[in-house]
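Residue-level listing of the chains:
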Amino acid sequence: MKELPYASAFFAHLRLERTLSPNTLEAYRYDLDRMRAFLGQHAVTTIGDITPDHLNAFLAILFDIGFAPTSIQRTLSALRGYFGFVAAEGAIPKDPTELLAGPKASRSLPTVLSVDDIDRLFAAIDTNKRGGIRDRAMLETMYATGMRVSECATFTFEQLLKEEHLVRITGKGSKERIVPIGEIALHWIAQYLEHERPRFVTPLSDNTLFVNIRGAQLTRMGIWKILRKYCVLAGISLETSPHTLRHSFATHLLEGGADLRIVQEMLGHTNIVTTEIYTHVDREYLMEVHRSFHPRSQRNVKS
C-alpha cells in the first residue's frame, strides 16, 4: 500500500476541526506511516483488506519491541481516529478498530535511556581503573547489539566475528541470530583483550569473553551491579537494569527510522502473535540498517 486513502482529508479534519497540536499531528502521521509499512509486509494492498487481526498484530509488535504503553495508546488513538473517519466517509463497510484493546496500564516496561544518557553513561567509566576497560567493552557491546544480560554473560570468543563486524548470539531456546556490532564496541573489545582480560584469566578460565577479576564468568547480578554503578556516577536517576540497554538499542534504532521487522530480527523476538512476519533478512542489509540508524555505530572510537 503506497499511501493511505483519505489521509490528507483526515489530517485536515484533525487540524481544522479538532484543532490538534502540530506535535500530535506529526506523531499520528508517524504512527499511520508505521502501520502502512507493516501492512505492506503482509501484502495488504487495499484499505478494505485490513482486518482487526492485522492491527492487533501490529500493536503486538510495538509492545514486543518495547514501546511504552502510553506510546501504544497514542498509536491506537491514531488508528481509531483514522479508520473511524474513513468508515464515516463510506470507504469501508466496518471500522476494524472497534474491538481493538489498548495496552494494560498495570504492565510496565523497562526504562529507555536517551542517546545523551547513553553518552553520559559511557563517559562515566574510568578506563584507567581496574576493570574499567572491561566494563566499557561489555556495556558498549550490550548497547551495540541489544543482547540480553544472560546472552552477554555467556558470550564467547567464537561468537565474536570481528572481521565481519558481526556477533553470533545464542538466545532463548538455543535459537541463534546474527547481529551487527559497531566500530566503537569492537574498539573497546580489542582494548579489553589486549590490556585487561589477560590480567584476569587463570588456568581454570573458559572461553567466556567477559570475565570477573578472578577469571570466572560474570553473573547476571554482577553485570547489573556494574551498570548501576556507572548510572549513579553519570547522574542517571532513572531505574535501570541491563534490559534497559536492550530496550534503548531497539528504541534508538526505531527512532532513527529502522524497520520494525529488522529490529525484531536483531532482538531475536519470537512472539507467537507475530511469528508470521519473520522472514530471512539478508546479512548485508542487516548491517546497513545498523550502520545507518544505530547512534554509536561509526562515531569516533576514541570518544
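Our subject in this report is the structure included herewith. In this text, all values refer to a predicted model and were calculated from it rather than measured experimentally.

We now examine the sheet that holds strand E3 (residues 176-180). Taken in spatial order, the 3 strands make up an open sheet running E1-E2-E3, and their pairing is antiparallel. Both edges of this open sheet fall to strand E1 (160-161) and E3, since each of them pairs with a single strand only. With 5 bridges connecting them, strand E2 (residues 166-170) and E3 associate as antiparallel partners. Within the sheet, the bridge partner assigned to Val 167 lies in E3 and is Val 179.

Quick look at the pattern of salt bridges now. In this structure the tally under the stated criterion is 9 salt bridges. Of the charged contacts, one joins Arg 134 and Asp 135 as a salt bridge, the two residues approaching to 2.8 Å between their closest N and O atoms.

Time to look at helix H1 (residues 7-16). Residues of H1 that are buried: Phe 10, Phe 11 and Leu 14. Seen end-on, H1 carries its buried residues on one side only, within an arc spanning 90 degrees. Away from its buried face, by an angle of more than 90 degrees, H1 presents the exposed residues Ser 8 and Leu 16. Residues of H1 that are buried sit in contact with helix H2 (22-41) and helix H4 (69-88).

Mapping Tyr 230 onto the fold places it in helix H10 (residues 220-233). By relative accessible area, which is 5% here, Tyr 230 ends up buried. Separated by 104 residues in the primary sequence, Tyr 230 and Asp 126 have C-alpha atoms spaced 9.5 Å apart. Residues in contact with Tyr 230, not counting those within four places in the same chain, are Leu 121, Ala 124, Ile 125, Gly 132, Asp 135 and Leu 139.

Let us look at unusual backbone geometry. The phi dihedral of Thr 19 falls on the positive side, at around 50 degrees, and the residue is not glycine. As for its placement among the helices and strands, Thr 19 is situated in the loop between H1 and H2. Judged by its relative accessible area of 59%, Thr 19 is exposed.

Moving on, we come to the environment of Tyr 192. Note that Tyr 192 resides in helix H8 (residues 183-195). C-alpha of Tyr 192 to C-alpha of Gly 131: the two residues are 61 residues apart in sequence and 9.0 Å apart in space. Each residue touching Tyr 192, except ones within four places of it in the same chain, is listed here: Ile 133, Arg 134, Ala 137, Arg 197, Pro 198, Leu 209, Phe 210 and Val 211.

Calculation criteria
- Along every chain, residues carry numbers that run from 1 in the direction the sequence is written.
- Whole-chain, interface and lining totals are the exception, using all residues; otherwise, since this is a predicted model, local features are given only for residues with pLDDT of at least 70 and side-chain atom pairs are given and counted only at 80 or more.
- To obtain the side-chain values, all non-hydrogen atoms of the structure were included, while hydrogens and water were left out.
- Being paired, for any two strands, means DSSP has found at least two bridges between them.
- Only DSSP runs of H or I reaching four residues or more are called helices, and only runs of E reaching two or more are called strands; each is numbered from the N terminus.
- Should a side-chain nitrogen of Lys or Arg be within 4 Å of a carboxyl oxygen of Asp or Glu, the pair is scored as a salt bridge.
- Only protein chains enter the area calculation, which uses a 1.4 Å probe; residues under 20% of their type maximum are buried, those over 50% are exposed, and those in between are partly exposed.
- Throughout, the arc means the angular range of directions from the helix axis out to the C-beta atoms.
- Contacts are residue-level and defined by heavy atoms, with any inter-residue pair within 4.5 Å sufficient.

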